[in-house]
There are 4 protein chains.
Amino acid sequence: MVVRAAVAGASGYAGGELLRLLLSHPQVEIGALTAHSNAGEPLGALQPHLRPLADRVLRPTTAEVLGGHDVVFLALPHGQSAAVAEQLGDEVLVVDMGADFRLADPADWEKFYGSPHAGTWPYGLPELPGARAALAGTKRIAVPGCYPTAVSLALFPAYAAGLAEPEAVVVAASGTSGAGKAAKPHLLGSEVMGNMTPYGVGGVHRHTPEMIQNLGAAAGESVSVSFTPTLAPMPRGILATCSAKAKPGVGAEQLRTAYEKAFADEPFVDLLPEGQWPSTAAVYGSNAVQIQVAHDEAAGRIIVISAIDNLAKGTAGGALQSMNIALGLPEDTGLSTIGVAP
Amino acid sequence: MVVRAAVAGASGYAGGELLRLLLSHPQVEIGALTAHSNAGEPLGALQPHLRPLADRVLRPTTAEVLGGHDVVFLALPHGQSAAVAEQLGDEVLVVDMGADFRLADPADWEKFYGSPHAGTWPYGLPELPGARAALAGTKRIAVPGCYPTAVSLALFPAYAAGLAEPEAVVVAASGTSGAGKAAKPHLLGSEVMGNMTPYGVGGVHRHTPEMIQNLGAAAGESVSVSFTPTLAPMPRGILATCSAKAKPGVGAEQLRTAYEKAFADEPFVDLLPEGQWPSTAAVYGSNAVQIQVAHDEAAGRIIVISAIDNLAKGTAGGALQSMNIALGLPEDTGLSTIGVAP
Amino acid sequence: MVVRAAVAGASGYAGGELLRLLLSHPQVEIGALTAHSNAGEPLGALQPHLRPLADRVLRPTTAEVLGGHDVVFLALPHGQSAAVAEQLGDEVLVVDMGADFRLADPADWEKFYGSPHAGTWPYGLPELPGARAALAGTKRIAVPGCYPTAVSLALFPAYAAGLAEPEAVVVAASGTSGAGKAAKPHLLGSEVMGNMTPYGVGGVHRHTPEMIQNLGAAAGESVSVSFTPTLAPMPRGILATCSAKAKPGVGAEQLRTAYEKAFADEPFVDLLPEGQWPSTAAVYGSNAVQIQVAHDEAAGRIIVISAIDNLAKGTAGGALQSMNIALGLPEDTGLSTIGVAP
Amino acid sequence: MVVRAAVAGASGYAGGELLRLLLSHPQVEIGALTAHSNAGEPLGALQPHLRPLADRVLRPTTAEVLGGHDVVFLALPHGQSAAVAEQLGDEVLVVDMGADFRLADPADWEKFYGSPHAGTWPYGLPELPGARAALAGTKRIAVPGCYPTAVSLALFPAYAAGLAEPEAVVVAASGTSGAGKAAKPHLLGSEVMGNMTPYGVGGVHRHTPEMIQNLGAAAGESVSVSFTPTLAPMPRGILATCSAKAKPGVGAEQLRTAYEKAFADEPFVDLLPEGQWPSTAAVYGSNAVQIQVAHDEAAGRIIVISAIDNLAKGTAGGALQSMNIALGLPEDTGLSTIGVAP
């Protein structure tokens, strides 16, 4: 089986990471690569690390260029995927790495994105309950945001097992590639090196409703999420520190058991041995998720910490994993749990 | 007035930062500098940035060497200050930058440090209610830990004003200098660059009881603190993301007013204009604390974020500020609110 | 004596660093602050580390705004200083931190900058032979480039003493602030962290003729400089590795003696003890220059390595040092040799 | 064909990187993993990024443990390989990633390492003239040092083509992993972040004779190398800036042609298009070498810049590439030219 794949947005960080992974996927043949302002340039000038594709010339992002592939990955700015997707046939597998089709509730979309809701597609986080069934055979996939990936995987087992009160508090640190490749002063190396700073504080970050959606589904009741993202001086990685009050009577052992059970068969979740903590360096470039749980007895809280590579498992790796499921390929084809460290 | 000061532990990061600040203090004359394993070496080989002191030779940390000064700063490993302090006369101002005399409750000390409690000294965080009165004229000062400085300043106004429920959740990122200068594999540059990782999760970090002590005093009731420290890829700085459920009826305006009132006359607290967020880079090398507050309405939580330089306001700057108060000098003598950025 | 100073280009990195230093200068009163696209904004939104000036509003860069000060610092893009300077009276001390008036040879200027030469002003590198005399009492100062500062100080003693062949090879690493605050994709944190890359290779960097000019003057003969700058993953600092073949018979001792002699009375040059090497961290935020010399006997070369803070001694500190000389103030007023480390 | 491989020194950076690569090599089965002080520990506690090997327990480094494999990789401190190697049979392929067997001249070894010379093995830098022939079928391989890899590949074409004078000047920046995983104060994150500093200046670095050996062989005459290594604030990567005077009459075109010819068929050398410069980020985790050449006409010098990943092509990747040749496998088996960026 050969899968011919096109990538829209190949000059950005998500597109570049996807291409890095696709180059190692034995069934994928890389087809058209498109870009917006960089159309006409060779990929080697923009993504010099992708040497085998250095001579590929970027083409404009049009339905014509993207047509004729088995899979089309959309790594476009939020709000731009819908228009492209509807021009692609129903027989094409469209994997949207943007936000357009992640949220089920149109009101949430409109509140956080300020435009009409485009719809809801099967959600590309296979580890969530029921997700694999929805992805199998689908022709449309909404890849989750990087923060919701880290946070939902950290907390859903506690909620699914009824161990946590429905008020989650999340503080996450992200590498700068999560903010994209568009040049903005506050993302300059001079600004971010040696610096930690929060942004989108107070529930206003666009990834918040996605977390609420995922955790609420796991809990079977409404869950609030107080989410504070921070920008960390590193190119990649998300470290999410997630907590909630433990339900009465819940202890460390029960917690550990729930997580061991939830992740027993997950190829990409690395529930660490007790005493070892997640680190973003250990999952650099890999599709693995490191998770550790703790019970803060004095404070009565469950604390779960997860580490992912925001561009890999958090975006492009998750997209590829979901594509594998949709196409009936082994889920880990072309994906690795080995990080590049130090 | 000339104050002759000795520094025990001059080869470490806290001692080095203190010397950097003392060199700019118009009343201080730097006397004996001591060290443990580095005794006998010139300071220039160990702290090459402190050029005016390059030829000073480090001496052993003994009462004899430290005697005969007006002020003795102790930048020693936890548990070693008491033995030195008791050999110094009552007329000497002893400023302990270690943990030995911070906690009021001997049980807390024994639980977290595993040795007999040495006592409790006036607490060197002048911004806390009542702290200045206790510091004025004292001959013994316990300088707070770096995390408790960042967290207590962030949350005490909310507790003092009765706006927050007594269950705080804190996630803080610290630069690596907070872990000291002793060479340990996990602190190697190869390990920390590009990496975020938690440690001391689940209420076991030794700074937790200090936060509980400070916030409880402000609240007038017992406050629990769920504290998760993380190691960030930067040499200096603490960014503390602190939150608690808002008491019923509390809103954004009330919150802002309480913080404006609490910090109206504080020379080192920079309550930022609305819309601007703290960053560790902005306080690099300075004694300033940047603070911003937010009300997460959907989650019903008060979120307060603070940024300090862990070595400056978090250790050596706080020590000097407290010394100034104890000696009756203007509180900001030799201290700056100007950061070194970018 | 009170010196009233205006700063044009106060929103950039050079302007910000100058303001940081001016705030500690006992004779300077900070007057008008101007900017181009940021005019109208409060400085606190752009330079949050300069807390005492947070409420100052940036004004447009016009002769009218800049008039009426004793000193005007110009931190403007190359080629823009001349037009502003000629509108300021002869009685005003104008300190140009741009390139416009550095080069003596109009042909050099035209070759490297592509516009008509504006003229040549006294050169603000006081440590060079004859420089202090030219600066004393002047009303116009051309502050050197950051690379020429590091390289000229490293090599001029060897050339002045006739120890080196007139073909220098220089490879220098610079922190990213040297490239300014304008947002460009290759300067994003995601691009520069974990990365070293050269630029302006092959003698095309605009700082090359300035080095040739300075070293040629010291040598009394024409000196070629093969200069390769590299971008390093740090916000500040220049480490310059400079070498030239030793003249016949020159040895390590002769070399050391020449450097000791050249810098014996220099307040800001830190010729390190043998065996100790310069580091950019040690001069972070300081006006010091660390220098070390070595004789590579097998290769027959003199190697001199210097470290400076590109924004401090390399730009704003050098400007202030030169201003002090021009105004007859003690040369080190408001300047420090103490770095902020770690 | 299944190749059973043992790795001595599996807990260090070189050993870890080798294991990362071996995990992707389709013919290799990973056998015994040994360590010194970490023997008895599970690999997952020391190399958490190598998830598939997390449960492997490290064994002591003895001939008994290492015996019975087809290939034994030695990632041991310099001077320790010889004793181990001589206990392994002649039928075992021994790949030494240390320095012991790199130098041909015993006097060089004794001068730089201070111990008796163990011998000389075929040199694992396949791109050098004649190297592949020597590696084919060999049972002993000396993997080059990381700096000599970067420098020899950068300069040998110029020397082989007779374009450069025999006096090379090299300044190279290395990531901190090149200094290994042993905890030393100057390698702490607090020390290296934001810092550039040289070491081993003046021809004393142990990699110097290896460069001289390689370049002299290419030139057919004795070549001197003035080598200055610097430590850069990044975990991985070497950027080598290499230059030499051009022989009379040599110009840019001739230079470009020589490099195009030298690397035309090299699978891992990426001679960049004109105008594009090497960056260590682009080769992060990859076996590629990025190279660019320039002619500094004014200074009369040839400048060649190369970028490698010091742990990959500079150590473990080069070792694997050489193993492939020795075993008659396709040279690029299990190796990639794709970097992990940003």
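As recorded in an unreviewed UniProt entry, chain A goes by N-acetyl-gamma-glutamyl-phosphate reductase and comes from [Kitasatospora] papulosa. Among the UniProt annotations of chain A, the heading Pathway (unreviewed entry) holds the following wording: "Amino-acid biosynthesis; L-arginine biosynthesis; N(2)-acetyl-L-ornithine from L-glutamate: step 3/4." UniProt, in the comment section headed Subcellular location (unreviewed entry), describes chain A in these words: "Cytoplasm".

Peer 1: Give a description of the relation of the copies chain A and chain B that names residues and reports values.
Peer 2: In screw terms, the move from chain A to chain B is a rotation of 180° and a rise of 0.0 Å along the axis, fitting with an RMSD of 0.0 Å. As the rotation angle and translation indicate, the two copies are arranged about a two-fold axis. Both copies share a contact surface, since 100% of the interface residues of chain A are interface residues in chain B too.

Peer 1: Explain helix 11 (residues 312–327) of chain B residue by residue, including any values.
Peer 2: Residues and elements named next belong to chain B. Across its 16 residues, helix 11 extends only 20 Å between first and last C-alpha, which sits more than 12% below the 22 Å expected from 1.5 Å per residue. Of all the bends in helix 11, the greatest, near 45°, is centred on G318. In terms of residue burial, helix 11 counts as a mostly covered element, since 15 of its 16 residues are buried. Looking at the residues trailing helix 11, positive phi occurs at G328, about 80°.

Peer 1: Which residues make up the packing of helix 1 (residues 13–22) of chain A against helix 11 (residues 312–327) of chain A, and what values go with them?
Peer 2: Residue and element names in this part refer to chain A. Two numbers describe how helix 1 lies on helix 11: the axes approach to 9 Å, and their chain directions differ by 50°. Taken as axis vectors, helix 1 and helix 11 run oblique relative to one another. Relative to helix 11, the crossing made by helix 1 is right-handed. In this structure, helix 1 uses A14, E17, L18, L21 and L22 to contact helix 11, whose residues at the interface are A312, T315, A316, G317 and L320. Partitioned by chemical class, the residues of the contact of helix 1 with helix 11 number seven nonpolar, two polar and one charged.

Peer 1: Outline the sheet that holds strand 13 (residues 301–308) of chain D, supporting the account with residue identities and numerical values.
Peer 2: All names here are of chain D. Pairing is mixed in the open sheet, where seven strands are placed in the order 8-9-7-10-13-12-11. Lying at the two open borders of the sheet, with one neighbouring strand each, are strand 8 (197–198) and strand 11 (269–271). Alignment of strand 7 (residues 167–174) against strand 9 (residues 224–231), held across eight bridges, turns out to be parallel. For A172, the partnering residue across the bridge sits in strand 9 and is P229. Strand contacts of helix 10 (residues 252–263): strand 11, strand 12 (289–296) and strand 13, with the helix running at about 160° to strand 12, the strand carrying the most contacts.

Peer 1: Would you mind going over unusual backbone geometry in detail, with residue names and values included?
Peer 2: With omega at 0°, the peptide bond leading from A:A341 into A:P342 counts as cis. Tracing the sequence through the fold places A:P342 in the segment after helix 11.

Peer 1: So, the UniProt feature "active site" (unreviewed entry) in chain A: which residues are in play, and what are the values?
Peer 2: Residue and element names in this part refer to chain A. In the numbering used here, UniProt assigns the "active site" (unreviewed entry) feature to C146. Relative to the helices and strands, C146 is located in helix 7 (residues 146–160). Classification of C146 as buried rests on a relative accessible area of 11%. Ignoring sequence-local partners within four residues, the contact set of C146 consists of H207, I238, I308, N310, G314 and T315.

Reading the values: rules and limits
Residues numbered from 1 in each chain as written. Chains lettered and ligands numbered in written order. Predicted model: local features only at pLDDT ≥ 70, side-chain atom pairs only at ≥ 80, totals over all residues. Heavy atoms only, no water. UniProt positions renumbered as here; feature names shortened; annotations may be inferred. Least-squares fit on C-alpha atoms with pLDDT ≥ 70 in both. Contact = heavy atoms within 4.5 Å. Helix = DSSP H or I, 4+ residues; strand = E, 2+ residues; numbered from the N terminus. Expected span 1.5 Å × (residues − 1). Bend = angle between axes of the 7 residues up to and from the residue. Buried < 20%, exposed > 50% of the residue type's maximum accessible area, 1.4 Å probe, protein only. Axes fitted to C-alpha atoms, helices over the stretch in contact; angles between N-to-C directions. Parallel < 35°, antiparallel > 145°, perpendicular 65-115°, else oblique. Left-handed = near helix turned anticlockwise from the far one by under 90°. Nonpolar A, V, L, I, M, F, W, Y, C, P; charged D, E, K, R; others polar. Pairing = 2+ DSSP bridges.

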